[in-house]
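Report on the structure
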Amino acid sequence: MKKEFAQRPETFIEQWPGELTGHGSWHGSLVGMPSPLFVVTSYKSNGKQNACFQSRSTFTENNGELYCLLGWVPTGNHMLTSLRETGCCVLNFPTRDLMDKCWKTIEHNQFEADEITDSGLTAEPATSVNAPRIAECFLNIECEFVWEQELAQREFALGDSSCAVVCVKAVRVCMDSDYYDESEIGRYGKTGFVYMTGARNPDTGEIYTGGYAGVEVYNDKTQ
Ligand SMILES: Cc1cc2nc3c(=O)[nH]c(=O)nc-3n(C[C@H](O)[C@H](O)[C@H](O)COP(=O)(O)O)c2cc1C
C-alpha cells in the first residue's frame, strides 16, 4: 500500500536541533535516497590542503562537458571559500576501505590543517588545476568552478542554514586502470563507487542508520 506525506510524520523526532529543519529535511530522512560519497579537495588561502567529504551531489553533461552539481554546500564551509579563491578543485572517489580516513578529514577541518595528509591519506598535485588530489582514490576528477547559487532564500530557512548549490566542470579525469577494466577490479560492486544510505520508517520512527552501499549491476539491461 502506498502512503502519501505532505507533512513531517509525528514519529520523526530530531536527534539534534536542526537535523530535520535546518540543513536537513524530514523528506530526506523519509526517502533515504542513496548518494555517492567523494572528497572535494582544494587549497586554502594559506596553501594548506582542504578536504570536504561530500554526499549531496549529482553529475550531468552538456555540449561535450561533464558537470558536477554539489547540492549541499553550507556557505560557511572552507570548500566554498577555496573554490571562490582558486577557481578549481578535485573530486576524489574513495573505495570502501578508505572511508575511515575520509571521515577523519572532518576531524581535521581546522584552517591550519593539511586535511589530506593529517587524515592519513596521500596528497599529490593535480595535473590541470591548482588543487591537490588524493592519491589512494581510484578516480580523481579535476574541475573548474563554474557558478554558485543559493539553494533557498535565507529568510525562509530556519536558523543559520544558508546553503549553496555549486557547479564545477571536469577538465581532466585520472582513473586507475584496474578500475576502468571491468574484468579486473571494476568501478561497481563492493570494491568501486561508495554510496551513503540511511532512512527512517514513518510508521514507527525507527531510524535505519544504513551503511555504505556499492552499485549492484543487473545484467538484464535492454541494449
Ligand atoms: C557522510 C557525510 C556526508 C557529508 N556530505 C556533505 C555534503 O554533501 N556537502 C557538504 O558541504 N558537507 C558534507 N559533509 C560535511 C563535511 O564533510 C564537513 O562539514 C567538512 O568538514 C567541511 O569541510 P570544509 O569546511 O573544509 O569545507 C558530509 C559529512 C559526512 C560525514
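Our structure is the block above this text.
Criteria and thresholds
Residues numbered from 1 in each chain as written. Predicted model: local features only at pLDDT ≥ 70, side-chain atom pairs only at ≥ 80, totals over all residues. Heavy atoms only, no water. Helix = DSSP H or I, 4+ residues; strand = E, 2+ residues; numbered from the N terminus. Rg over C-alpha atoms; globule rule 2.2 N^0.38 Å. Buried < 20%, exposed > 50% of the residue type's maximum accessible area, 1.4 Å probe, protein only. Contact = heavy atoms within 4.5 Å. Areas by Shrake-Rupley, 256 points an atom, 1.4 Å probe, with all protein chains shown as cover. Lys, Arg positive; Asp, Glu negative; His and termini not counted. Charge placed at Lys NZ, Arg CZ, Asp CG, Glu CD. Phe/Tyr/Trp six-rings, centres within 6.5 Å; stacked < 30°, edge-to-face > 60°. Lys NZ or Arg CZ within 6 Å of the ring centre and 35° of its normal.

Side note on the overall build of the protein chain
Helix and strand counts for the protein chain stand at four helices and 14 strands. Relative to a compact globule of 223 residues, whose C-alpha radius of gyration would be 17 Å, the protein chain shows 18 Å and is just as compact. Expressed along its principal axes, the backbone C-alpha trace of the protein chain runs to roughly 50 × 45 × 40 Å. When burial is assessed residue by residue, the protein chain has 36% of its 223 residues classed as buried. Long-range pairs, those at least 24 residues apart, make up 60% of the contacts in the protein chain with a sequence separation of at least 6. Working note: accessible area of the protein chain is about 12800 Å², and carbon and sulfur atoms make up 50% of it. Placing the 18 positive and 31 negative side-chain charges of the protein chain at their respective mean positions leaves the two points 2 Å apart.

Focus on the packing of aromatic side chains
Going through the model one piece at a time under the given rule, you end up with eight aromatic pairs. Plain terms: the ring middles of F59 and F93 are 6.0 Å apart, the flat faces sit at 50 degrees to each other, and that makes the pair tilted. A residue pair is termed long-range when its members are at least 10 positions apart, and F59 in strand β4 (residues 57–62) and F93 in strand β6 (residues 88–93) qualify at 34 residues. Taking relative accessible area as the criterion, F59 reaches 30% and is therefore assigned partly exposed. The buried category is assigned to F93, whose relative accessible area is 4%. On the basis of an interplanar angle of 70 degrees and a centroid distance of 5.3 Å, the ring pair of F138 and F193 is categorised as edge-to-face. Here F138 is found in the loop between β8 (132–134) and β9 (139–150), whereas its partner F193 is found in the loop between α4 (177–180) and β11 (195–196), with 55 residues between them in sequence. By relative accessible area, F193 is classed as buried at 18%. A connected cluster of aromatic rings, assembled from ring pairs, spans F38, F59, F93, F138, Y179, Y188 and F193. The lysine or arginine in question, R200, covers the ring of F12, its NZ or CZ lying 5.2 Å from the ring centre.

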